[in-house]
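# Chain and residue survey
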Amino acid sequence: MEPSPDFVSRVIAGGSEGVVDRSRRDFLRAAAALLVGLNLPKSSLAGGGQHGAGGSGQRAVIVIFGGVRHSETFSPEGLENIPHLSRDLLPQSLFYPNARNEGVTAHFNAISSILTGNWQRVDDWGKIAPTTPTLFEHFRKRLGAAQSDTWVVASNKALTSLIGASSASNYGPVYGANVVFPKQLMVAAVANALRAGRSRNMADRAKIESELENMLEAGNYEGLGWTVFDAADRLDPRVRGIIEEAITTFVRDGGPTSGDELTFLVSREVMRKFSPRLLVVIFSDVEVAHFGSYALHVGGIRTGDRLAYQLWQEIEANAEYKGKTTMVVLPEFGRDPDGSTTNGFFNHRGDTDSTRSTWMMALGAAVSKPQIVERPIRHVDLCATLADLLGCPPMESQGSRLTEIRV
Ligand SMILES: [Zn+2]
């Protein structure tokens, strides 16, 4: 189903500062608080709050941004789309203007390459786990870190929970991260509450279900469907009343919200409740580009810019993070050049600099002085760098440690 431009614009408007109305924001907050701890598989919470003793005491937050080109971000004409990254964060950052994706420029492969330090060539849709250990597994196995120490919170529908652990022998899910897809969980929780709701009349139910289906379709940007309506009912009966309140708000507002906004709110709840030492946040509102609207793609960039800055503000305000956390922000890849056979910014398939060359920004405890490092780096270099920062022994990686990032 092709979403209407009006529908898509409402999705994006839901995430824009100043446009979000109070009830919608309240709904997102309620949903975020509910999702953390209540709708996760039981094993995800094992050892919640109990951290392993090993390691350097340093923490890392990685913010991955979907596909964005230099031309819409760090370029003279792009800076207006990233006011927070360029004005608030860049002056205190280590900035690499040429961070290269030399692997497969599809979402699951790109992100699993970043998180393993090896170029992964597995299934584009996340049906096969990365083949070499993730940083999560290395950190947990070598240092005895708890599962609650490692989280992935993602909007990106091209990912699956297999992003949290590899298929490597002697590693795997037993050492993997908690992986959360907030929008998917929210929709599942709302759908379950709808099924169970006694007072909800059929007209309301039909309306909400159709809104939810639209919301799923809007996110179905690369042919990957969700099956949340078939999800097992995992909603805790104690919170059903609260969810039903949230549904009332949802109906009154009559529309969905930005996936990235919800991902931010859940990430912040995870930081406050579990304070993981390694947190990966994956935004993907920019991927609305696959629908062909340049304005909405740029709107997604502006949302991501604001939310990355808000994550940094949380790091600065949260005593568990302040002064001992390094935040790294990088896109998965660029997008294709204008005039290409793949429709330019719509896609990210080209073997060109526009698609492969992105940027990376690091700030916080491991950045002793702001500087711009012109030397090209590769996405696989990040993992080796962060393993060292967290106090892990070296991991087997195709990347090289970035010597500028150290405490
Ligand atoms: Zn994409």
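Rules used throughout
Residues numbered from 1 in each chain as written. Predicted model: local features only at pLDDT ≥ 70, side-chain atom pairs only at ≥ 80, totals over all residues. Helix = DSSP H or I, 4+ residues; strand = E, 2+ residues; numbered from the N terminus. Buried ≥ 20, exposed ≤ 12 C-beta atoms within 10 Å, placed from the backbone. Pairing = 2+ DSSP bridges. Core = buried A, V, L, I, M, F, W, Y, C linked by C-beta atoms within 7 Å. Contact = placed C-beta atoms within 7 Å. Axes fitted to C-alpha atoms, helices over the stretch in contact; angles between N-to-C directions. Parallel < 35°, antiparallel > 145°, perpendicular 65-115°, else oblique. Nonpolar A, V, L, I, M, F, W, Y, C, P; charged D, E, K, R; others polar. pLDDT = per-residue confidence, 0-100.

### Some remarks on the overall build of the protein
Secondary structure assignment for the protein yields 12 helices and 9 strands. The buried share of the protein, taken over its 407 residues, is 53%.

### Here's the deal with helix α5 (residues 135-143)
For α5, the complete set of buried residues consists of L135, F136, E137, H138, F139 and R140. After α5 finishes, the residue G144 shows a positive phi value of roughly 70°.

### Notes on the pairing of strand β7 (residues 357-364)
Most of β7 is tucked away, with 7 of its 8 residues classed as buried. Judged from the 5 bridges that link them, strand β2 (residues 94-100) and β7 form a sheet pairing that is antiparallel. Its bridge partner lying in β7, A99 is registered against T358.

### Some remarks on the environment of M361
When you line up the elements, M361 lands in strand β7. Separated by 265 residues in the primary sequence, M361 and Y96 have C-alpha atoms spaced 6.3 Å apart.

### A word on the nonpolar core
For soluble globular proteins, nonpolar side chains are generally found buried alongside one another. Ranked by size, the top nonpolar core spans 97 residues in total, and within it V63, V152, L311 and V328 carry the most contacts. Once residues lying within four places of it in the same chain are set aside, the contact partners of V328 are A60, I62, V63, M360, A362 and L382.

### Notes on unusual backbone geometry
Backbone geometry follows two general trends: most residues other than glycine have a negative phi, and most peptide bonds adopt the trans configuration. A positive phi angle is found at N170, which is not glycine, with a value near 70°. Tracing the backbone shows N170 in the loop between β3 (150-154) and β4 (178-180). In the Ramachandran plot, N343 falls in the positive-phi region, its phi being about 70° despite a non-glycine side chain. With respect to the helices, strands and loops of the structure, N343 is situated in the loop between β6 (325-330) and α11 (353-356).

### Observations regarding the pairing of β2
Here 2 bridges tie β2 to strand β8 (residues 371-372), and the two strands are oriented parallel to one another. Residue pairing across strands places L94 opposite Q371, the latter belonging to β8.

### Comments concerning the packing of helix α9 (residues 259-274) against helix α10 (residues 294-317)
For the pair α9 and α10, the least separation of the axes is 10 Å and the interaxial angle reads 10°. Regarding the angle of α9 to α10, the classification is roughly parallel. Residue-level inspection shows D260, F264, S267, R268 and M271 of α9 in contact with α10, the latter providing T303, G304, L307, Q310, L311 and E314. Across the contact of α9 with α10, the residue classes tally to 4 nonpolar, 4 polar and 3 charged.

### Here we look at the confidence of the model for the protein
The predicted model of the protein has a mean per-residue pLDDT of 81, with 70% of residues at 70 or higher. Low pLDDT, under 50, characterises residues 219-235; the predicted model gives this stretch 28 contacts beyond four residues in sequence or across chains.

### Let's talk about the environment of I163
By the element assignment, I163 lies in the loop between β3 and β4. On the neighbour-count criterion, I163 (26 C-beta atoms within 10 Å) is buried. Residues I163 and P130, spaced 33 residues apart in sequence, show a C-alpha to C-alpha distance of 7.2 Å. Ignoring any residue separated from it by four or fewer positions in sequence, one finds I163 in contact with F108, I111, S112, G126, V152 and V179.

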